[in-house]
Amino acid sequence: MSGSPRVLVIGGGVAGLSAAAALGRLNLAATLVEKAPTLGGFASRLACKAANECQRCSACLLEERLGEVARQGVEVILPAEVVELRRDSGCFRAAIERRALPLDPARCTGCGQCAAVCPAGAITQAEGRLFALDATGCRHAQSGSDDGCTRCQEACPTGAIDLAARPQTTEKEFAAVIAATGFTPFDARGKPHFGYGALPDVMTALEVEQALRRHDRLVRPSDGRQPARVAFIQCVGSRDREHPYCSRVCCAYALRLAEALRARQGAQSTLFYIDIQRFGREFAHTLEGLRHTVRLVRMMPGDVQPGPEGQLLLSYMDGRSHDVVDEEFDLVVLSVGMAPQPANGELASRLGLALDAAGFLAASAGGVAAHGIFVAGAATGPMGIARACAEGERAAWEAARWVGGSRG
Amino acid sequence: MASEREATRVRQGIGVVVCRCAEQVGAEALLASLRAAAQETPEVRVFTEVDDLCHRGRQALAELLAATSVDRLVVAACGRPQLEAGLTAALDACGLPRNMFVVANVLDQCQGLNGAAPAKAAAVLSRAIARGRNLRPIEAVSLEVVRRVLVLGNGPTAARLAAEAAALGLEVVLAGAEAEGLPSGVELLSGARLVAFRGQAGRFEAELEVDGESLRRQVGAAVVAYDYQVRPNFDLYGLTPSEAVVSLTELEALLATPEGMSARLAAQGLSAQGLSAVVLLSGLREEAHPAQTERLLRAALALRRASRPVYLAVRDVRVGAPGLEALYQECRRAGLVTFRFADTIPQLEQDAQGRARLRAIDEVLTLPVDLPPALVVVDEALEPVPELAGVARLMRLSLDAEGFPQANSVHRLSVATNRAGVLVVRGSRNAAATEADLAAAAADMAAATATLAALLGEEALTLEGREPRVHLGRCTACLTCFRLCPHGAIRITSRAEVLPAACQGCGVCAAECPMAALQLPGSSDDALAAELRAPVAVPAPRLVAFGCRRALEALSAGAGPVGALPVGLQLVEVPCAGRVGLTQLLDAFEAGAEGVLVVACHEGNCRSEQGSRHARLRVEEAGRLLAEIGLGAERVRFETLAPNQGARFRRLMRDFETRLAALGPSPLARPHAEGRES
């Protein structure tokens, strides 16, 4: 192996970021490959759920990790994927394909001049100060040649836009690999009786998080009004025949969101559930407090229907009367579970890893998936942010030990 | 040759570097405005513009330092994280201390201000220059470490940890636990008790008592690794242990041998083959843990395989752990019957022979349930061992509400405590996990070993020197700092002494010291006052927001182009909101602010544990003083924000701006409202 050893981290969510930052602290060079145009993964969509007090949701841990990865000088390649990985005399050779990125987030200062001149409205504000270009609306992309519209490129003062950008593949050598490829949220359209996709005021919890993060307020998508009565439906895409596992984070985020909505905008929440799962430290105390502010109903609703005046009707069997009741809500939140990445199979065959019964990446106790390959975070199964961070750091430590050992 | 020249050259003055990215946020006038701001200060010797400072432009920093004699840099660009690596590398290359730079985040602070951007940018830079002028070199110092670890524990976790630490090449003192087959380099002190613990990370002194004898050991770090204590919940259910009422551990013992269950049934005069039911009780009166559920379900499966009727009576089936839902489904397919009680608690009666009976109304079917089982099994609570309380007191560790020596904070990630060099693992930090969740145990072990390797891997530890300096003439050893320090970093001899390897640099002590005897490098009272008084020309109302660097950076970046921060807003970075003393709050008003705001972390999220609370109390006090002098308490505010609440930050700032505009100028601000003070 030429030069100092370098570790490949696949995935720029909290687990991958934690791993890359920890590798830096262990004086190992790291290359972080992320398939999205920005780092942060799903955590970058999550909101602080503090009411008067911190609710220990850990969403704020992301910012710190992003800062540390920048400080440690970790090499970040995005939006990119590892298209090939093979063992070569004790180390790994990876082909990393960087997708064409007409608008480079690393150079974008968020001035918005590109969006102002775009005739097709194809440039919109992404997270924070970044902008993103949607190729399906872009006139340059549609023209299929380099002679099309280039107004945004001309307007960009920092040279962040290169409409002629082409994918680039680089080959690199690594001493170890950490796979932190994360999860995919359950697609709520898979439970059509809850009306997601058909009824505008049925949202996923992830969308609620994102709304709170961006606007600090939750409003009904249909009329922009703040909801007074919110229903959370638990276990959407968890603990069913296709998903024979508990997603472990949904009771925590739903109850914390319910509390945040109560404290910040006075909304009253009802949680429909099968079993409340334990989360966080001091759980008994936390749950006791929440029982006073959130209505807990142990019953899975049958369906969600539109009401006559824009409200939503949720039908469920009342535990006491045994009647089916239709209760009115202003907003229904589906607590979608954490499902394995559809690409796990391909990744596993490329890296020579195994999958568990549900389709997550399998690993030994130490997070070792194969010689020199370590896995961390929600790629191995549902978990929260704090655990993903801890696993990322553990994988970095194991990888450092591996690199130290293999070098003698 | 180069180093000789370096040694003889006297470095002095400020080099200002503007990244041209920053120029783009406003009009073309911005750069001119920045140049003018820099030229106002005689200490600024160099002013230069660079392209792409966070990437290609990095080299320019080193070149600038090599070509000139400035000893500090003020950079007007974007956020500090992107620039820090380049800045420290450039400073290192010239042999300058790493703290000799200030980042003025012009890009984020001027977003969306349009015409007002040049004036704002100039103000941001002027304040950064004022801060830069007050920078004092902080030399990193080296602390020789004792490469020995104290592991306190009572069982397998402590023994495993001792072996892991020994594998790192560290000496280990394993106190408390009985253990066999330990590697060489581990000194086993079975039955030892900690009686005193002093010092700081890298150099602690532990006093232990073994068989009435006192032993002293120098250690570089300590790991608290007691396993849980298990307590069967008989009392909670009003049951007395008997032949027919057993704990989960006892049931497991019965199931461990083929004849165990039959013998137990025979003892009660029941046929071994009969359909004698078993009722498992879990979490009906307390909150069960998945680790308990896993063991209950394994036992249930074994019982069902022997064709015994098994009922599980619970409030919630706790399946939030790897593989547990699948195990529960398997149990259900095998015939386990679950009764869930959300609103009611089943009645449990025990007869003279010790046999228990469960009566309840099924909450789903609303039908009576009456179970006279052959065996009732109660679950168990996981508790901190009694030794933990004493250890925590001696080590000055914060406890959570359940008595575990690790505060319930998201920042005490995995094994860290409030004291550097003292770690907690597994049952000592309330981190129970199911047996199937092997990764949970592995993560704690790895985190502890990695921390030990980082701390004690080398002969010496390099410290940044961020601890407050003690003014010995002022310190009266009043113990305020000792009492308030969340990190156990103060030692009182004849005066206060700050232990550099324990100090996290939060400044809670400095803010509360009644004699102003503690001054933090980079955040001293004088430096903050100078920054507040930096002459600027921005439209009223002038607002000052104090906050920690971590939060202010992320919050201003998150504000985005659609909603600008108030043009009159001055962000003042402090290590922690707890650093903001009454002095700073009043200084801000004296310097012309019309409103002052302290941005703190939410309660329970503060890394310095009580920093937010101290900040809030001081803001309340400042409010009372302002009311008294007729300035109005509403001019000072306390807000809690997480770094990802950029949208909320923007809204709060604008609300405050509007409110202050309505209040009119502060009488103290008037002399400064027009132009600049001298």
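What comes next concerns the included structure. Computed from a predicted model, the values in this text were never measured in an experiment.

Moving on, we get to the overall build of chain A. Summing up its helical and strand segments, chain A has ten helices and 21 strands in all. Relative to the globule expectation of 22 Å for 408 residues, the C-alpha radius of gyration of chain A, 23 Å, shows essentially globular dimensions. Across the 408 residues that make up chain A, the buried fraction comes to 56%. Taking the contacts inside chain A whose residues are at least 6 apart along the sequence as the reference set, 65% of them involve residues at least 24 apart. Looking at charge distribution, chain A has the averaged site of its 44 positive side-chain charges lying 5 Å from that of its 44 negative ones.

We now examine the pattern of salt bridges. Residue and element names in this part refer to chain B. In total, this model carries 78 salt bridges over all chains according to the counting rule given. Salt-bridge contacts for E171 lead to R148; the nearest nitrogen and oxygen are separated by 3.1 Å. With E171 in strand β7 (residues 171-176) and R148 in strand β6 (residues 148-152), the pair connects residues that are 23 residues apart, well separated along the chain. In this structure E171 comes out as partly exposed when scored by relative accessible area, which is 43%. Between R315 and E287 there is a salt bridge, with the nearest N and O atoms lying 2.9 Å from each other. You can see R315 sitting in the loop between β16 (310-314) and α12 (324-334) and its partner E287 sitting in the loop between β15 (278-282) and α11 (290-305), a full 28 residues away along the chain.

Okay, the sheet that holds strand β8 (residues 186-190) of chain B next. Residues and elements named next belong to chain B. The five strands are arranged β8-β7-β6-β12-β23 in an open sheet whose pairing can be described as parallel. With partners counted over all chains shown, the strands left at the sheet margins are β8 and β23 (422-424), one partner each. The mean angle between the axes of side-by-side strands here comes to 15°, regardless of whether they run parallel or antiparallel. Looking at chain direction, strand β12 (residues 221-224) and β23 are connected through three bridges and run parallel. The residue of β23 that forms the bridge with V224 is V424. Across the sheet, helix α8 (residues 156-167) is in contact with β6, β7, β8 and β12; its angle to β7 comes to roughly 170°.

Moving on, we get to the interface of chain B and chain A. Listed per partner, the contact involves 79 residues of chain B and 71 residues of chain A. Of the roughly 5,900 Å² buried at the junction of chain B and chain A (both faces included), carbon and sulfur atoms supply 52%. Broken down residue by residue, the surface that chain B buries against chain A is led by N408, L413 and N644 of chain B, which jointly contribute 12%. Inspection of the region where chain B meets chain A yields eleven salt bridges. In this structure, E287 of chain B and R291 of chain A form a salt bridge, with 3.8 Å as the shortest nitrogen-oxygen distance. Between the two partners, chain B and chain A, sit 25 residue pairs in polar contact (both at pLDDT 80 or more). Breaking the side of chain B that touches chain A down by element, the ones donating at least two residues are α5 (80-93), α6 (106-110), α12, α14 (438-456), α18 (549-558) and α21 (646-663) of chain B.

Turning our attention to the environment of D379 of chain B. Residues and elements named next belong to chain B. Mapped onto the fold, D379 is located in the loop between β21 (375-378) and β22 (380-383). Remark: the alpha-carbon pair of D379 and V230, spanning 149 residues in sequence, is separated by 9.7 Å. The contacts of D379, once residues within four sequence positions are left out, are R231, P232, N233, Y237, L281, S282, G283, E286, A288, Q292 and L296. Reaching out from D379, the side chain makes a polar contact with the side chain of S282 at a distance of 3.2 Å.

For the rest of this paragraph, the subject is the sheet that holds strand β10 (residues 203-210) of chain B. Residues and elements named next belong to chain B. What the three strands build is an open sheet, ordered β9-β10-β11; its pairing is antiparallel. A single partner strand is all that each edge strand has here, and the edge strands are β9 (193-200) and β11 (213-219). On average, each strand axis in the sheet is tilted by 15° relative to the strand beside it, whichever way the strands run. Bridge count between β10 and β11: seven bridges; the pairing is antiparallel.

Moving on to the packing of aromatic side chains. Residues and elements named next belong to chain A. Enumeration over the complete set of coordinates arrives at nine aromatic pairs over all chains. Where F279 meets F283, the ring centres are 5.2 Å apart and the plane angle is 75°; that geometry is what we call edge-to-face. By relative accessible area, F279 is classed as buried at 8%. Judged by its relative accessible area of 0%, F283 falls in the buried class.

Conventions used here
Residues take numbers from 1 onward in each chain, read along the sequence in its written order. Chain A is the first chain written and ligand 1 is the first ligand written, with later ones labelled in order. The predicted origin of the model limits local features to residues at a pLDDT of at least 70 and limits the giving and counting of side-chain atom pairs to 80 or more, whereas totals for whole chains, interfaces and linings rest on all residues. As a rule here, side-chain values come from all non-hydrogen atoms in the structure, and water together with hydrogens is ignored. Secondary structure follows DSSP: runs of H or I at least 4 residues long count as helices, runs of E at least 2 residues long count as strands, and numbering of each begins at the N terminus. Within these notes, the globule rule equals 2.2 Å times the number of residues to the 0.38 power, and the radius of gyration is based on C-alpha atoms. Throughout, exposure labels follow a simple rule: accessible area from a 1.4 Å probe, protein chains only, divided by the maximum for the residue type, with under 20% read as buried, over 50% as exposed, and the rest as partly exposed. In what follows, a contact means two residues having at least one pair of non-hydrogen atoms within 4.5 Å. All tallies of charge rest on Lys and Arg as positive and Asp and Glu as negative; His and the ends of each chain are not included. Charge positions come from single atoms, namely NZ of Lys, CZ of Arg, CG of Asp or CD of Glu. We define a salt bridge as a contact between a side-chain nitrogen of Lys or Arg and a carboxyl oxygen of Asp or Glu at a distance within 4 Å. Only when DSSP finds a minimum of two bridges between them are two strands counted as paired. Between N-to-C directions, angles cover 0 to 180 degrees, with each direction set by a line fitted to C-alpha atoms, over the stretch in contact for helices. Buried area is understood as the total, over both parts, of accessible area removed when two parts are fitted together, assessed with a 1.4 Å probe. Polar contacts here mean pairs of N or O atoms no more than 3.5 Å apart (in protein, one a potential hydrogen donor and the other a potential acceptor; neighbouring residues in sequence count only if both atoms are side-chain atoms). In summary, the pairing rule links any two rings of Phe, Tyr or Trp, Trp by its six-membered ring, whose centres are within 6.5 Å, and it sorts them by plane angle into stacked for under 30 degrees, edge-to-face for over 60 and tilted for everything else.

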